[in-house]
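Residues per chain are reported as follows:
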Amino acid sequence: ICACIPYNTWQIIDNNTCVTNSEFNNLISYNNPIISTCVSVPCAVSIDGTSERVIDYRLFNTFTVKRLRVEVLTDDVYYSGGECIGLMLNSVGMQVIGTNFILTPQGLSNPANSSNLAIGDTITHINDIQIFSIQDIAEILSNYSGNDGVKITFLRAGEEHTTHIYPAYDVQTKAYKLGLWVKNETLGLGTLTFVNATTTRFGALGHSVNGDEQPLNVSSGQIFDADVLGVKIGSPGKAGELIGTFNQSNPLGSVDKNTIYGVYGNVYEVSDWVNGKNPIELGGRLTAVPGKASILCSLDGEIIKEYDIEIIKTNFQNAPNQKSMVIRVTDKELLSKTGGIVQGMSGSPIIQNGKLVGAVTHVFVNDSSKGFGLYIDWMINQ
């Protein structure tokens, strides 16, 4: 009896787990004289594009020994990515990137040193006034009387904090300053993972764009077609990177979400990303297995190529986690060009047995031929 019970599946799958259609069909394929399945309670499609199903595993088709409630991805049409894209992200508020000294009538002063602000913090309000730009900060300080400190509201690791800074009078600009370097725009390169042609949603990178150690709190952003100009090959202890450029005058999509599992938004025209491609079936942690696979990425202009890899290890995960699998580049051409995985290849689709099963996320800095991958179901279900 025990030999017929799918213990391994029950360890991986937990209630409210999101699965693909093919994985759902595998879950309900346990039909033998000892263990059978019964699917019930089909519900309407939810706003996140999934439908709920309840699976009862029955002993001798009589006693329910296990009940699973799963979210099944709807039959949207997905296309794999592989394109190198440019990202321009606007943060909520102004991100602190450094401090500086102010030349005052009394000498050099750094007013920010008396606060507990740190690089990576995001200032959202000054004196309870929401700020969006450097101009907003300048306007607030133009009304500063020179007596009391100003109240600074900022985010750190997703939590809100407050502090005070006593602005210093800059004799050169004849204005009060906080002694901070700030920005609200982040630029970078990454790789597109997938496009949902049904909803126009896309996912990229497989990890967040970070504000220091935490995901940047994004208010808006855009993606662009990027050109790869070259590759800086990494060395032990230092990751390599793609060198490229993109034209900010021609955005091809908008960004609205930055999570630890990727950057998301909507493409303006699906045809810009799917021409010459065929739809691809989704796999996930129930599909990916150790063995041969491939990744898609663009290293030569706009040409997407498929390179051989090996999935060394797949981790049992019943909750989202970035380090889902360990991969190794085996393709001789890719190894000669990049040494393996480099920065900018994050988000490269991982294909196994014709299915999109994950995305490249990290490189091992001491061995660039190896890295981590993220199961695609963790990435899709965001």
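Predicted model, so just to flag it, every value in this text is computed and none were measured. All residue numbers refer to position in the chain's written sequence, counted from 1. In keeping with the model being predicted, local features are shown solely for residues with a pLDDT of at least 70 and side-chain atom pairs are shown and tallied solely at 80 or more, while totals for entire chains, interfaces and linings include all residues. Hydrogen atoms and water are omitted, and side-chain values are computed over all heavy atoms in the structure.

S.K.: Give me the overall build of the protein: which residues, what numbers.
M.R.: Secondary structure summary: the protein contains six helices and 29 strands in total. For the protein, the spread of C-alpha atoms along the principal axes amounts to about 90 × 50 × 40 Å. With residues, only the protein chains shown are counted as cover, and all accessible areas are computed by Shrake-Rupley using a 1.4 Å probe. When the accessible surface of the protein is summed, it comes to about 17900 Å², and 49% of that surface belongs to carbon and sulfur atoms. Taking the average location of the 25 positive side-chain charges in the protein and that of its 36 negative ones, the two points are 7 Å from each other. Starting at the N terminus, helices and strands are each numbered in turn, a helix being any DSSP run of H or I of at least four residues and a strand any DSSP run of E of at least two. Positive charges come from Lys and Arg, negative ones from Asp and Glu, while His and the chain ends are left out of the count. Where a charge lies is defined by one atom per residue type: Lys uses NZ, Arg uses CZ, Asp uses CG and Glu uses CD.

S.K.: With reference to specific residues and values, describe the pattern of salt bridges.
M.R.: The salt bridge definition used is simple: a Lys or Arg side-chain nitrogen within 4 Å of an Asp or Glu carboxyl oxygen. Summed over the entire model, instances satisfying the criterion amount to twelve salt bridges. Where Arg69 meets Glu52, a salt bridge forms, and the shortest distance between an N and an O atom there is 3.2 Å. Here Arg69, found in strand β4 (residues 63-73), pairs with Glu52, found in strand β3 (residues 50-59); they are 17 residues apart in sequence, far enough to count as distant. Its relative accessible area of 31% is what places Arg69 among the partly exposed residues. Residue Arg201 pairs with Asp256 through a salt bridge whose shortest N-O separation is 2.7 Å. You can see Arg201 sitting in strand β16 (residues 201-204) and its partner Asp256 sitting in strand β21 (residues 253-259), a full 55 residues away along the chain. Owing to a relative accessible area of 40%, Asp256 belongs among the partly exposed residues under this scheme. Beyond isolated ion pairs, a larger network of salt bridges with shared partners links Lys305, Glu333 and Lys337. Residue burial is assigned from relative accessible area. The probe radius is 1.4 Å, only protein chains are included, and a residue is buried under 20% of its type maximum, exposed over 50%, and partly exposed in between.

S.K.: Tell me about a negative patch on the surface, and please be specific about residues and values.
M.R.: Two joining distances apply to patches: 9 Å for like charges and 5 Å for nonpolar side chains (Val, Leu, Ile, Met, Phe, Trp, Tyr), and every residue must have over 30% relative accessible area and no salt bridge. There is a patch of like negative charges on the surface, built from Asp225, Asp227, Glu269 and Asp272. With respect to the helices and strands, Asp225 occurs in strand β19 (residues 218-232). Overall, the relative accessible area of 31% leaves Asp225 in the partly exposed class.

S.K.: Which residues make up the packing of aromatic side chains, and what are the values?
M.R.: Ring pairs are drawn from Phe, Tyr and Trp, using the six-membered ring of Trp, whenever the two centres fall within 6.5 Å, and their geometry is named by plane angle: stacked under 30 degrees, edge-to-face over 60, tilted for the rest. For the structure shown, the criterion picks out five aromatic pairs. Plain terms: the ring middles of Tyr169 and Tyr176 are 5.3 Å apart, the flat faces sit at 70° to each other, and that makes the pair edge-to-face. Aromatic side chains Phe364 and Phe372 sit 5.0 Å apart centroid to centroid with 65° between the ring planes, which places their arrangement in the edge-to-face category. Within the aromatic cluster, the residues linked to one another by ring pairs are Tyr144, Tyr169 and Tyr176.

S.K.: So what's going on with a nonpolar patch on the surface? Which residues, and what values?
M.R.: Together, Phe101, Leu103 and Leu108 line one region of the surface with nonpolar side chains, adding up to about 330 Å² of accessible area. Inspection of the secondary structure assignment puts Phe101 in the loop between β6 (84-99) and β7 (102-104).

S.K.: Explain the pairing of strand β29 (residues 367-375) to me, using residue names and the numbers behind them.
M.R.: Here strand β26 (residues 325-329) pairs with β29 via four bridges, running antiparallel. Within the sheet, the bridge partner assigned to Ile327 lies in β29 and is Gly371. Looking at chain direction, strand β28 (residues 355-364) and β29 are connected through six bridges and run antiparallel. Paired with Val360 across the bridge in β29 is Gly373. Any two strands between which DSSP finds at least two bridges are classified as paired.

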